[in-house]
Amino acid sequence: MPDDVRGIGASLLRKEDERHLHGRGQFVADVKLPGTMDVAFVRSPHAHARIRGVSVPPEAKGLVFTAADLPGVKPIRVVSHSAGAKSPPWPPLATDKVRYVGEAIAACIAPSRGEAEDLAAAGTVVFEPLDPVIDPVRDMRGSRHPVHEQWGDNLYIEHVLEGGDIEAAARTAEVTVTREFRTQRQSGAPLECRGILAYRDHRLDEVVLYSSTQTPHTVRVALAEILDLEERCIRVVAPDVGGGFGPKARLYPEEIILAALALQLDHPVRWIEDRGEHLLTAAHTRDHHYKVTAYADRGGRILGVDAEIVVDAGAYGLWPQGPYHEASMVARALPGPYTFPNYRARHHTVATNKTPLGPYRGVGRPGACFVIERLIDEIARAVAREPNDVRALNLVRPEQMPFTTIGGLRLDNGDYVASVKLCAELLDLPAARARQQRGELDGRKVGIGFATFAEQTAHGAAEFASRGASIIPGFESCTARVLTDGSVVLMVGIQSHGQGLETVLSQVAAEELGIDPARISVRHGDTESTAFGFGTFASRSMVMSGGAVARAGRMLRDKLCRIGAHLLQCDLAEVRCADGVVAGPRGSVTIAEIAKVAHLRMDGLPAGVDPLLDVTATYEPGISTGVFSYATHGAVVAVDPETGFVELLDYAVAEDCGTMVNPLLVEGQIRGGVVQGIGTALYEEIPYDETGQPLAGTLADYLMPGAAEMPAIKIGHLHTPTPHTEYGMKGMGEGGAVAPPAAIANAVRDALSAIGAEVNETPISPRRVLTAIRNARDRG
Amino acid sequence: MTAIRLRINGAEVAEDVPARLSLADFLRERRNLTGTHLGCEHGVCGACTILVDGEPARSCLMLAVACDEREIETIEGFAGDRVMDVLRRNFHRHHALQCGYCTPAMLITARDLILRRRAGSEREIRDGLAGNICRCTGYTNIVTAIAAAVGEIGEGGA
């Protein structure tokens, strides 16, 4: 790509970098307002207990707020239209009962966080402990003290997804593979924890909430409802956000409480979450149990899959989507991009006395991919074929597109088998196999594993309606404004927190308007300055917000051309807008000159053209079931059978996300996602003990991937633009995190095949590897 | 309250501080130097890394009262520092930052590795970054940027 190209396809360097490289970013905790008081929460030390009383020392009077002190606050309530879905009310401050360790009971305010924590420690809460629900598989049908006692059982929802005839597949199968799989509970763990600053702006008659959120507009929707305010009286601002990855795409009790405190008090209040609170109370993720049987013929062709899926969803449903989508997404994604015709998935979403489960990069897909890709390798082993041959045998082929999987996902296009081949080339599979055969001098075992997946992105109305969602994030918005000097401001309803959308959205506008991206500002994350939008999650912002920017850009371009043609005294059909000018056959006029006419010299406007260069566009992709990126990941590992330690020797990704707006940023998203996926695969875990106490409260217990143990990640691209979006682009933000658990587990299995050990649980910790080896040797 | 005098980014500062105030909170809340970020407040993530008497330190683990007579440098400093300039340019060129939260401390650590001649290979750079967590980039581009900076500085000398 030549350096002078700055529109679609250019690896433009980021606008966002300058401020961050000088420490001039503005995260919530960096916003300073005089008189701000810090908030610390009194949180439940019990997994499950009745609250018998809260007492506050006399000196803390007026500084400690319980639910009784904030009577205008209604409970959080998720609405689902799915049949049989149960939706418990969630009081932002606990009233009669606590249901997980960390649940907020009272808010304490003081001039510093330390003093606020002193207050929180000085109060006394009398609890009557109840039996906690810890094991979702055992307790889903009922327990001595159900999480929500009015239910009788502990099920949020359960459902069967079925296609074809799984019983027939079972009868005709020559090969049957049955396994249990487990993906442990973890955290999304952005480096910036959550944070909120709230104050009342009396001049504008509004409560202003700065929050480290991915979804400022919908947070405002919820605050208005829960606090019984009109939305015009609430402004939500997401300033710089230090990573989100999904957990910050939900409403939290703390946001409601801080807004309620700001309404009640005459000074700003802020709550800056610490890491212990984050690991305890920000959405947990990935907590799945599986029992799955795959049926195949002796050539390795899959006939059907029968799956039992249990999602441990924790104590409450996070607004807006509640706990309902995780398991249904797993069920629908589990068949992957494979063409087998018979399927049954029974899925259960279970309430437990744990932190609520929420979205994290990939949501249900890393688990689904882990299961189906491990099964592919086990089928290959059972029929004595190379796993990638079995993969290719069962993958959808280009001529079958568009193809609807037995899980119900409509794959739009692409060559999935080509991604398998490209990934094997990137890893230099023959060389890796040769190294494996040679053996390591230190006794470690080398293994190679692959995993292929389809990533549903930018899905809209059809997809969310099918999930029973009450809020359907099916479009995005852009207000585009050319100012009097020809510079441009784009105001978008999404929120950028590391993705580089300030850069890529200005590239899109540059493509449409022929204006240098350096003269284009992107405003996002503020309900005051942007039209309604849903925010950044579900790999949607490039496609949806980029689509809205493209549309708004074209609307502006049309108007610039009309005014320009008038000024040039030529026909509209004769002008074109490029390189900062509208050019006609006999000369050109700059966009700055046109902008001046549109605002300051309206006597130059053609008849029938209104002043201003200010438009708002919305955009919904041409297909609302999603456009599908896809990839094959490959991992080479060395496993130490003495210590159980897994080292990543090499990692490669062969992917296709259609048209890349900015290849540099696409690769940044892939690599970042892969390393998060490696964290899921090998390190990250929040175990709970039998009393419901979470055991990972610091980054010393909760291991995040570091530079030292990560490999350089190789990337290869395939290019299949989709016909359903602007420029043929597809979303791709989550895909990197989807396949690493599957590819690495397959590689570990390959390394340990001579021993006969396999690990079907993430993270693949040294202890789990050693247990698998010991069990295999005991069996052998 | 204890009176402390110290130099921050070259300027003399005198303040009374409570005994339990961390250096990070002192810099952020009292001096408004908010480029020093807090990611864990227990010394693991490295986002609060600054220089104390020229050496990298976790400002979340130090108390402000312990900094009497010390020399502090934060990301807001480094004016005219060639290594920092080259690092910043290469972080930008190689897309070595996404959300930007780890970036100031990552730069300070990288500068220290380069000055101590501990960035001579990919292995050395990766090991040297072991105390700084980045959740966004996957590290590849950070390592590339630092290696490129080393190359550039090597040609012209630090």
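Residues numbered from 1 in each chain as written. Chains lettered and ligands numbered in written order. Predicted model: local features only at pLDDT ≥ 70, side-chain atom pairs only at ≥ 80, totals over all residues.

Draft legend 1. Examining the overall build of chain A more closely. Scanning chain A from N- to C-terminus turns up 19 helices and 31 strands. At 27 Å, chain A has a C-alpha radius of gyration in line with the 28 Å of a compact globule built from 780 residues. Dimensions of chain A, computed from the C-alpha atoms along their principal axes, are close to 90 × 75 × 50 Å. Expressed as a percentage of the 780 residues in chain A, the buried residues total 61%. Of the contacts made within chain A by residues no fewer than 6 positions apart, 79% connect residues no fewer than 24 positions apart. (Helix = DSSP H or I, 4+ residues; strand = E, 2+ residues; numbered from the N terminus. Rg over C-alpha atoms; globule rule 2.2 N^0.38 Å. Buried ≥ 20, exposed ≤ 12 C-beta atoms within 10 Å, placed from the backbone. Contact = placed C-beta atoms within 7 Å.)

Draft legend 2. Expanded view of the overall build of chain B. Scanning chain B for helices and strands turns up five helices and five strands. For a compact globule of 158 residues, the expected C-alpha radius of gyration is about 15 Å, and chain B comes in at 16 Å, within 12% of that figure. Relative to all contacts within chain B whose residues are 6 or more apart in sequence, the contacts with residues 24 or more apart total 61%.

Draft legend 3. Broad picture of the nonpolar core. If you look at the biggest cluster of nonpolar residues, it comprises 303 residues, and the most contacted ones within it are A:Ala198 and A:Val748. For this core, the leading source of residues is helix 15 (residues 541-568) of chain A, giving 12 residues. (Core = buried A, V, L, I, M, F, W, Y, C linked by C-beta atoms within 7 Å.)

Draft legend 4. Just the interface of chain B and chain A, in detail. Counting from both sides, the interface comprises 41 residues of chain B and, opposite them, 43 residues of chain A. Elements represented by at least two residues in the side of chain B that touches chain A include exactly helix 2 (82-93), helix 3 (103-115), helix 4 (122-128) and helix 5 (140-156) of chain B. Across the side of chain B that touches chain A, the residue classes tally to 19 nonpolar, 14 polar and eight charged. (Nonpolar A, V, L, I, M, F, W, Y, C, P; charged D, E, K, R; others polar.)

Draft legend 5. How the structure looks around the sheet that holds strand 16 (residues 302-314) of chain A. All names here are of chain A. Sheet architecture is open: six strands sit in the order 7-17-16-15-8-31, paired in mixed fashion. Looking at which strands have only one partner, the edges of the open sheet turn out to be strand 7 (155-163) and strand 31 (761-762). Here eight bridges tie strand 7 to strand 17 (residues 342-351), and the two strands are oriented antiparallel to one another. Among the inter-strand pairings, Glu162 is bridged to a residue of strand 17, identified as Arg344. (Pairing = 2+ DSSP bridges.)

Draft legend 6. Spatial organisation of the domain arrangement of chain B. Residues and elements named next belong to chain B. Along its sequence, chain B is organised into domain 1 (2-73) and domain 2 (82-156). Look at where the C-alpha atoms of domain 1 and domain 2 centre, and you get two points 23 Å apart. With 12 residues of domain 1 at the contact, the number on the domain 2 side is 10 residues. Ranked by the residues each element gives to the side of domain 1 that touches domain 2, the list is headed by strand 3 (residues 49-52), at three residues. Per-class residue counts for the side of domain 1 that touches domain 2 are six nonpolar, six polar and no charged. (Domains from an automatic or database assignment.)

Draft legend 7. Representation of the confidence of the model for chain B within the structure. Across chain B, the average pLDDT comes to 97, with 98% of residues at 70 or higher. At the level of chain-chain contacts, confidence expressed as ipTM amounts to 0.98, with global pTM at 0.98. (pLDDT = per-residue confidence, 0-100.)

Draft legend 8. Quick look at the sheet that holds strand 21 (residues 476-482) of chain A. Residue and element names in this part refer to chain A. Strand order in this open sheet of four strands is 23-22-21-27, and the pairing throughout is mixed. Here the strands that pair on one side only, and so sit at the sheet edges, are strand 23 (520-524) and strand 27 (614-619). Between one strand axis and the next, the sheet turns through 20° on average, direction left out of account. Alignment of strand 22 (residues 488-492) against strand 23, held across five bridges, turns out to be parallel. Pairing of Val489 across the sheet is with Ser521, part of strand 23. (Axes fitted to C-alpha atoms, helices over the stretch in contact; angles between N-to-C directions.)

Draft legend 9. Geometry of the domain arrangement of chain A. Residues and elements named next belong to chain A. For chain A, the domain assignment lists domain 1 (17-24 + 475-619), domain 2 (31-130 + 191-243 + 248-281) and domain 3 (284-462 + 623-779). Taking only C-alpha atoms, the centre of domain 2 and the centre of domain 3 are 36 Å apart. Listed as interface residues are 24 residues of domain 2 and, on the opposing side, 24 residues of domain 3. For the side of domain 2 that touches domain 3, the elements supplying multiple residues, two or more each, are helix 5 (216-227) and helix 7 (275-281). Sorting elements by how many residues they give to the side of domain 2 that touches domain 3 places helix 7 first, with five residues. In the side of domain 2 that touches domain 3, the residues fall into 13 nonpolar, eight polar and three charged.

Draft legend 10. A look at the environment of A:Ile376. Residues and elements named next belong to chain A. Among the structural elements, Ile376 can be located in helix 9 (residues 365-382). Along the backbone, Ile376 and Val64 are 312 residues apart, and their C-alpha atoms lie at a distance of 56 Å. In contact with Ile376, other than residues within four places in its own chain, are Pro387, Val390 and Arg391.

Draft legend 11. The packing of helix 9 of chain A against helix 10 (residues 387-394) of chain A, seen in detail. Residues and elements named next belong to chain A. Two elements in contact, helix 9 and helix 10, have axes separated by 8 Å at closest approach and are oriented at 115°. It follows from the interaxial angle that helix 9 and helix 10 lie roughly perpendicular. Pair helix 9 / helix 10 crosses with right-handed handedness. Where helix 9 approaches helix 10, its residues Ile376, Asp377, Ile379 and Ala380 are matched on the opposing element by Pro387, Val390 and Arg391. Grouping the amino acids of the contact of helix 9 with helix 10 by side-chain chemistry returns five nonpolar, no polar and two charged. (Parallel < 35°, antiparallel > 145°, perpendicular 65-115°, else oblique. Left-handed = near helix turned anticlockwise from the far one by under 90°.)

Draft legend 12. Up close: unusual backbone geometry. Residues and elements named next belong to chain A. Going from Trp319 to Pro320, the amide bond is cis rather than trans, its omega being 10°. As for its position among the elements, Pro320 is in the loop between strand 16 and helix 8 (325-333). The amide bond that connects Met401 to the next residue, Pro402, takes the cis arrangement and shows omega of -10°. With respect to the element layout, Pro402 can be found in the loop between helix 10 and strand 18 (403-404). Despite not being glycine, Phe245 shows a phi value in the positive range, around 70°. In this model, Ala384 sits at a positive phi of 55°, which is unusual for a non-glycine residue. Here Ala384 lies in the loop between helix 9 and helix 10.

Draft legend 13. Seen up close, helix 18 (residues 740-751) of chain A. Residue and element names in this part refer to chain A. Compared with the 16 Å implied by 1.5 Å per residue over 12 residues, the 16 Å span of helix 18 between its first and last C-alpha is a close match. Of all the 12 residues making up helix 18, 12 are buried; the element is thus mostly covered by neighbouring parts of the structure. Every buried residue of helix 18 is listed here: Pro740, Pro741, Ala742, Ala743, Ile744, Ala745, Asn746, Ala747, Val748, Arg749, Asp750 and Ala751. (Expected span 1.5 Å × (residues − 1).)

Draft legend 14. Focus on the environment of B:Ala79. All names here are of chain B. Mapped onto the secondary structure, Ala79 falls in the loop between strand 5 (71-73) and helix 2. According to the C-beta neighbour criterion, Ala79 is exposed, with 9 such atoms within 10 Å. Along the sequence, Ala79 and Gly10 sit 69 residues apart, while their C-alpha atoms lie 9.9 Å from each other.

Draft legend 15. Region of interest: the pairing of strand 1 (residues 37-43) of chain A. Residues and elements named next belong to chain A. Among the seven residues of strand 1, five are classified as buried, and the element is accordingly described as predominantly covered. One ladder, built from two bridges, connects strand 1 with strand 13 (residues 269-272); its direction is parallel. Within the sheet, the bridge partner assigned to Asp38 lies in strand 13 and is Arg270. Summarising the sheet, strand 1 and strand 5 (residues 104-110) pair through six bridges and their orientation is antiparallel. Opposite Val42, over in strand 5, you have Ala106 as the bridge partner.

Draft legend 16. Just the packing of helix 15 of chain A against helix 16 (residues 591-599) of chain A, in detail. Residue and element names in this part refer to chain A. Helix 16 packs onto helix 15 with a crossing angle of 95° between their chain directions and a minimal axis gap of 10 Å. Relative to helix 16, helix 15 is oriented roughly perpendicular. Residue-level contacts link Leu560, Ile563, Gly564 and Leu567 of helix 15 to Ile591, Ile594, Val597 and Ala598 of helix 16. Among the residues making up the contact of helix 15 with helix 16, the classes are represented as seven nonpolar, one polar and no charged.

Draft legend 17. Structural detail: helix 15 of chain A. All names here are of chain A. Over its 28 residues, helix 15 runs 38 Å from end to end, which matches the ideal 40 Å to within 8%, given 1.5 Å per residue. Here helix 15 lies mainly inside the structure; 21 of its 28 residues are buried. Following helix 15 by one or two positions, Gln569 adopts a phi angle in the positive range, close to 55°.

Draft legend 18. Seen up close, the environment of A:Gly731. All names here are of chain A. Structurally, Gly731 can be placed in the loop between strand 30 (713-718) and helix 18. The class of Gly731 is buried, set by 28 C-beta atoms lying within 10 Å. On a C-alpha basis, the gap between Gly731 and Val543 in space is 6.0 Å, while along the polypeptide they are 188 residues apart. Ignoring sequence-local partners within four residues, the contact set of Gly731 consists of Thr457, Ala458, Ser539, Arg540, Met542, Val543 and Ser629.

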